[in-house]
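# Understanding the architecture of this molecule
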Amino acid sequence: MSSRRRPRFTSPLTRARNAALSFVVRPFQRFTPTTRFFITYGLFVVVTTLLLVNSYSRGFPESYQEGEVVRRTVIAPTDISVMDWTETEKRRAAAKEAARPVFIFDSTRAETAIQSFRAAWDDLRKQAESHSSSGNVNNGKKELKGLGEGDRALVSAIAAHRFDPAELERLTRILREVMDGYVYEDGDAEYLKQDISLVDKRNPGMQSILTMPQSRMTPLSAVQRSLRSRISQLSGWSTEEQAAINTAMQPLVRPSVFFDPAATTAARDESARKIEMAHLLLRRNQVVAREGDMVTGPMLAQLEAIRDYGREGHRWWNQLFGLLFLVAALYWLAWKFIEHRSTSISLMLSPRRAFTLVGSAILIQTILIRVGFTLTESIVTRGMSAPLNDPTIWNFAIPFAAAALLIAVLVDTQLGLITALMTGLFAGLLAPTGVLASIYAVISSAAAIYGVGRYRERQSVTVAGLAVSGINALAAVALIAYGQQPLTLKTIFFAIGCGILGGMMTTIFTAGGLPINESLFGILTDVKLLELSNADLPVLGQLALRAPGTNQHSHAVGQLAEEACRAVGANPLLARIGALYHDIGKTAAPDMFVENQQRGINPHDRLKPTQSARIITSHVTYGLKLAKEIGLPKQISDFIPQHHGTRTLHFFLRKAQAQARPGEEINEAEFRYPGPKPQFKESAIMMIADSCEAAARSLAHPNPENIRAIVTKIIDAIISDGQLEECNLTLKEITTIREAIITALTAIYHARIDYPGFNPPAITSGLTQLPLAELDTEERGVSYTMTSEIPINKAGEVEDEAISHKTVKR
C-alpha cells in the first residue's frame, strides 16, 4: 500500500500542537510519575487559590456614587477601623478654605507717589525756565516726566501758577490724604470677606491678623474718586486745569495692600497638612446599607472602607491560608474520587491523566467565571436602568456548565458531576450572591451532564446546550423570585434571555474545547470512533481490496466483540472499531493467511516453519508500524499487538522441532508473538472473539453444540496460557463473555430452513435442464467436520496456516 494512499489521522495543526506540548513537558520527564502528579496537583491548587483570593467574597463588587440606590444589603465582615479618606479630604478642604489669605502691605506707597510727583514738578519747572529764556515757553508739545504725557493745557495750567510751592504743597497733601491707610485692588475684594494675614513688606517677619478687613480698607476705585473730587474743589484752578492735573496724578495712585497668591497657597497647604487623618469604625455584622437605600456621603465612606478592607484588610493572610487549605482539600477529594472511580469502571484515561484533565477543566472554568463576573460588573456600572443594572441577572449568562459538560463527554458522567460540584463551589466563592450562584451553577451543570447522553454525533453538544438553556431559564426566574425581587415582565424576560445565553455559551466553549482535549489527552470519543469506521478511509479500503477474507473476518470479529463488551459493560464501539484495524498488518502479505487463501492452496507448504512463523507474527509489527505512520490513535493501535498477546505458534513450533536435524535447537521465541498481553477489557475480549470467529468459520457444521465446544475450548486455553492476567476481567465477566459470543456465533451461523410455498417446483416436463455454471464462489480457508480437527493450539490460537490443505478432511 503506497504511503501517499495512507493519509494521517491527525491534522498538521494537531501534530504541531503535540510537538509543542512534548517540548513543554520534556523537562518534567526526568521526575517520577508521583512527583509529576504532585507538581500538577500543587499547580492547580495555587493557581485556583490566586483566582479566588482577590474575589468579591472579601467585599462587594458594586461601585456607588452619592445619590444612587444600594443594589444589595452590605454588612461589615468584621470590626474595621480604617482611614476615612473621604472625610479627611473634606476636612482638609475645609481647612484650606478657612486658611487666611495673605496680603502684602507697602506703607511707602503714598510717599513714593508724592516723591514722584515732586520730582516731576521740579523737572517741569526747570524745563519751563529753560524755555522761558529762549522765549518758547508755550511752544510745541511738552513731555512732563513722571506725570505721563501732557499737553499744552497741562503745561499751561502748571505754568500759570508759576510753579508756586504753595500749590505744590496743596497737591501733595491731597495725594497723601487720599492714599492714607490701606488701599487694595478692587479685584482682591473676594479675599477680604474673611480675616487676612497682613505682612509688612519692609519687615516680612512681622505678620498681623486683620479682622473684618473690608471695612478697614479702601478700594482703589474709591481712592481714585476721592482724588478726583478733591482736585475738583481746588480754588484758583479752572476746570480745564483741574482736569489736566487729575489726569496727571491718577496714575500715581496705587494700592498699598495687594494679594499674595503664592503665600496664600502655602498657608492653605500648611493648614491642610495639620489636619489629622479621620478614622472610621465599623462593628462586625453591622448593617452599613440595606438594599434600596439612598447612598449618602457618610454611607459612601463606610462602603469604601469595606472595599478597602477587602483589598488590604489586616486578615488577608488569614484568608489566603484558609482558602489555600480549602482548595487543596477539594482537589484532593476530586483525586480520590477519580482514583476510586477508575477501579469500579474502565476509564479511557489513567487516573492521573483523568485528574489532570478534570483539574485543567476546573481551572479554565474558574477563569471563565472570574472573567464573567468582571464583565457583568463593568456592564452594570454604565448607569443603565433596572433590570439592566442588576449584576445578579447578568451573571446568568456565564457558561457555568462548560467544564462539567466537557468532562462528561470526554470521560465519564460521574467525573462530570464532581467537576460540576467543584466549579459550583468556586462560583459561590467568586460571586457576590454566594450560595445562590453555586446552586445555579450546579443546576446548569447537571442539566448539561444528563442532557448530553452518548456522544455519538457532534450535535449532541448542541442538544445538551439547548437543555442547559431551558433549565437555566427556569432556574434564573426561580432565583429571582427567591431573592424577593419584583417579578416584572421585563425582569422575567431579561432573566430568561440571560439563562438561554448561558446555555449557548456553554455549547460554544465545550465545542471549542473538545478537539483540543481529545488531542491533548489522547481521548477517543464516540464521534471520533465513528469517524474511524468510515469504509472510505484508504487504509480500510486497501484492506478490503487486498485482503478481502481478513476484512470480512475483521467485521465479524467486531460484531462478536461488540456484543461481548455490551454484555459486561465495556465500550462496545471501541471494540468494534479496534476490530476493523487489528489485522491491517496482513495487507503486507495477505495470501499468507488462511482466510485469504483459495481452497487447496497454502503457501506455507513450501516454507520452513521458522519462515512461516516470522511472516505470521510480523503482521503485528508491520501493523504497528503502519498505525504509527498513518497516525492511528493509540487506543486503537493497542489492539494490534494485544489481540495476540504473547501466545506461541505451537503447531509451527512442533513442525519445526519435527523437521530439525539431530542436535539442532529450535528457539521458541521465534514462534512467539511480541505482545504485550491484553491490558484492558476490550483488547482481551478482542483476543477471545478473534480466535472464536476463526474457529467457527472453519466448522463445516457450525451448530450450537459445536460452537459451544470450540468457544469453551478456546477461552479455557487462553486462560490457561495466562493471557488474561494483566487485564481486569473477572471470572464472572469471562463467563458472560463466553455466553455472549456463543449466542452471537449461533445467530450468525444458524441453519436456513425451506419455506413451503416459496420453493421452485421440480422440472417434470420435457424441458432440458440447464448445465450448472462454473461459479467462483470465493470460498476461502479450510473447513473441518469435527471440532477436534480444528487446529487450536494450547494458547487458544487457531493455526490453520500450519496445516497442509491437502490433508484436511472436507
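Residues numbered from 1 in each chain as written. Predicted model: local features only at pLDDT ≥ 70, side-chain atom pairs only at ≥ 80, totals over all residues. Heavy atoms only, no water.

### Thoughts on the overall build of the protein chain
If you tally the helices and strands in the protein chain, you get 30 helices and 12 strands. Burial status across the protein chain gives 46% buried among its 810 residues. Taking the intrachain contacts of the protein chain between residues at least 6 apart in sequence as the baseline, contacts between residues at least 24 apart amount to 79%. When the accessible surface of the protein chain is split by element, carbon and sulfur atoms take 57% of a total near 40800 Å². (Helix = DSSP H or I, 4+ residues; strand = E, 2+ residues; numbered from the N terminus. Buried < 20%, exposed > 50% of the residue type's maximum accessible area, 1.4 Å probe, protein only. Contact = heavy atoms within 4.5 Å. Areas by Shrake-Rupley, 256 points an atom, 1.4 Å probe, with all protein chains shown as cover.)

### A look at the side chain of Lys-677
With respect to the helices and strands, Lys-677 occurs in the loop between α27 (650-659) and α28 (681-697). Here Lys-677 falls in the buried class, since its relative accessible area comes to 16%. A distance of 3.4 Å separates a polar atom in the side chain of Lys-677 from a polar atom in the side chain of Glu-725. With near-sequence residues (within four places) excluded, Lys-677 lies in contact with Gln-642, Gly-645, Thr-646, Gly-722, Gln-723, Glu-725 and Glu-726. (Polar contact = N/O pair within 3.5 Å; in protein donor to acceptor, adjacent residues only side chain to side chain.)

### Some thoughts on the nonpolar core
General note: in soluble globular proteins, nonpolar side chains tend to be found buried as a group. Tyr-581, Ile-636, Val-711 and Ile-741 are the most contacted members of the largest nonpolar core, which has 75 residues in total. Of the residues forming this core, the biggest block, 10 residues, is contributed by α28. Non-local contacts of Ile-741, meaning those with residues more than four positions away in its chain, are made with Leu-560, Ala-564, Ile-688, Ala-689, Cys-692 and Val-711. (Core = buried A, V, L, I, M, F, W, Y, C linked by side-chain atoms within 4.5 Å.)

### Structural notes on the environment of Val-358
Mapped onto the fold, Val-358 is located in helix α13 (residues 351-380). In sequence terms Val-358 and Ala-404 are 46 residues apart; their C-alpha atoms lie 8.8 Å from each other. If we skip the residues at most four places from it in the chain, Val-358 touches Ile-338, Ile-407 and Thr-419.

### Some points on the pattern of salt bridges
Going through the model one piece at a time under the given rule, you end up with 24 salt bridges. Salt-bridge contacts for Glu-177 lead to Arg-230; the nearest nitrogen and oxygen are separated by 2.3 Å. Of the two residues, Glu-177 is situated in helix α6 (residues 165-178) and Arg-230 in helix α8 (residues 220-232); the sequence distance between them amounts to 53 residues. With a closest N to O distance of 3.1 Å, Glu-668 and Arg-672 form a salt bridge. Residue Glu-668 is classed as partly exposed on the basis of its relative accessible area, which comes to 36%. (Salt bridge = Lys/Arg side-chain N within 4 Å of Asp/Glu carboxyl O.)

### Quick word on a nonpolar patch on the surface
Nonpolar side chains collect at one region of the surface, where Val-435, Ile-439, Ile-443, Ile-471 and Leu-474 lie side by side and expose about 430 Å² of accessible area between them. Where the nonpolar patch is concerned, the elements lending two or more residues are α17 (435-452) and α18 (459-482). Looking at the element boundaries, Val-435 is found in helix α17. (Patch = residues over 30% accessible without salt bridge, like charges linked within 9 Å, V, L, I, M, F, W, Y side chains within 5 Å.)

### Focus on the packing of helix α16 (residues 413-430) against α17
At their nearest, the axes of α16 and α17 sit 8 Å apart, and the two run at 160° to each other. With respect to α17, the element α16 is oriented roughly antiparallel. Handedness of the crossing formed by α16 with α17: right-handed. Residues Thr-413, Gln-414, Gly-416, Leu-417, Ala-420, Leu-421, Thr-423, Gly-424, Leu-425, Ala-427 and Gly-428 of α16 form the contact with α17, whose own contacting residues are Ala-437, Ser-438, Ala-441, Val-442, Ser-445, Ile-449 and Tyr-450. Partitioned by chemical class, the residues of the contact of α16 with α17 number 10 nonpolar, 8 polar and no charged. (Axes fitted to C-alpha atoms, helices over the stretch in contact; angles between N-to-C directions. Parallel < 35°, antiparallel > 145°, perpendicular 65-115°, else oblique. Left-handed = near helix turned anticlockwise from the far one by under 90°. Nonpolar A, V, L, I, M, F, W, Y, C, P; charged D, E, K, R; others polar.)

### Observations regarding the environment of Val-74
Along the chain, Val-74 turns up in strand β1 (residues 74-75). Using a relative accessible area of 4% as the deciding quantity, one classes Val-74 as buried. Separated by 211 residues in the primary sequence, Val-74 and Asn-285 have C-alpha atoms spaced 9.3 Å apart.

### A word on the pairing of strand β8 (residues 207-210)
Note that strand β7 (residues 196-200) and β8 share 4 bridges and pair antiparallel. Paired with Ile-196 across the two strands is Leu-210, which belongs to β8. The loop that links β7 with its antiparallel partner β8 comprises 6 residues. (Pairing = 2+ DSSP bridges.)

### With respect to the packing of aromatic side chains
The geometry of two aromatic rings is summed up by the distance between their centres and the angle between their planes. The final tally for this structure, using the stated rule, is 19 aromatic pairs. For the pair Phe-37 and Tyr-41, a centre-to-centre distance of 6.3 Å together with 25° between the ring planes defines the contact as stacked. On the criterion of helical spacing, the pair formed by Phe-37 and Tyr-41 is a turn pair, its members being 4 residues apart in helix α2 (residues 33-53). Neither Phe-37 nor Tyr-41 differs from the other in exposure class; each is buried. When the ring of Trp-335 is compared with that of Phe-355, the centres are 5.9 Å apart and the planes differ by 75°; the resulting orientation is edge-to-face. Taken together, the residues Trp-335 in helix α12 (residues 316-344) and Phe-355 in helix α13 connect sequence positions 20 residues apart. (Phe/Tyr/Trp six-rings, centres within 6.5 Å; stacked < 30°, edge-to-face > 60°.)

### Digging into unusual backbone geometry
In terms of backbone geometry, most residues other than glycine have negative phi values and most peptide bonds are trans. Backbone torsion omega between Gly-675 and Pro-676 reads 10°, so that peptide bond is classified as cis. Relative to the assigned elements, Pro-676 resides in the loop between α27 and α28. Residue Met-212 is not a glycine yet carries a positive backbone phi of 45°. Among the structural elements, Met-212 can be located in the loop between β8 and α7 (213-216). Since its relative accessible area comes to 59%, Met-212 is described here as exposed.

### So, the packing of helix α22 (residues 548-568) against helix α23 (residues 572-581)
The interhelical angle for the contact between α22 and α23, taken along N-to-C directions, is 160°, at an axis separation of 8 Å. It follows that α22 is roughly antiparallel to α23 by the angle criterion. The way α22 lies across α23 gives a crossing that is right-handed. Contact residues: Ser-554, His-555, Val-557, Gly-558, Ala-561, Glu-562, Cys-565 and Arg-566 in α22; Pro-572, Ala-575, Arg-576, Ala-579 and Leu-580 in α23. Residue composition of the contact of α22 with α23, by class: 7 nonpolar, 3 polar and 3 charged.

### Structural notes on the confidence of the model for the protein chain
Model confidence for the protein chain is summarised by a mean pLDDT of 82, while 85% of its residues fall at 70 or above. Looking at the elements of the protein chain, mean pLDDT is at its lowest for strand β4 (residues 143-144), recorded as 42, and at its highest for helix α26 (residues 639-642), recorded as 95. Low pLDDT, under 50, characterises residues 765-779; the stretch is placed with 5 contacts to residues that sit more than four places away or in other chains. (pLDDT = per-residue confidence, 0-100.)

### Re the environment of Leu-357
Considering the arrangement of structural elements, one finds Leu-357 in helix α13. When its relative accessible area of 0% is taken as the criterion, Leu-357 is described as buried. Separated by 49 residues in the primary sequence, Leu-357 and Leu-406 place their C-alpha atoms 9.7 Å from one another. Setting aside residues up to four positions removed in sequence, Leu-357 forms contacts with Leu-349, Ile-407, Leu-410, Val-411, Asn-517, Phe-521 and Ile-523.

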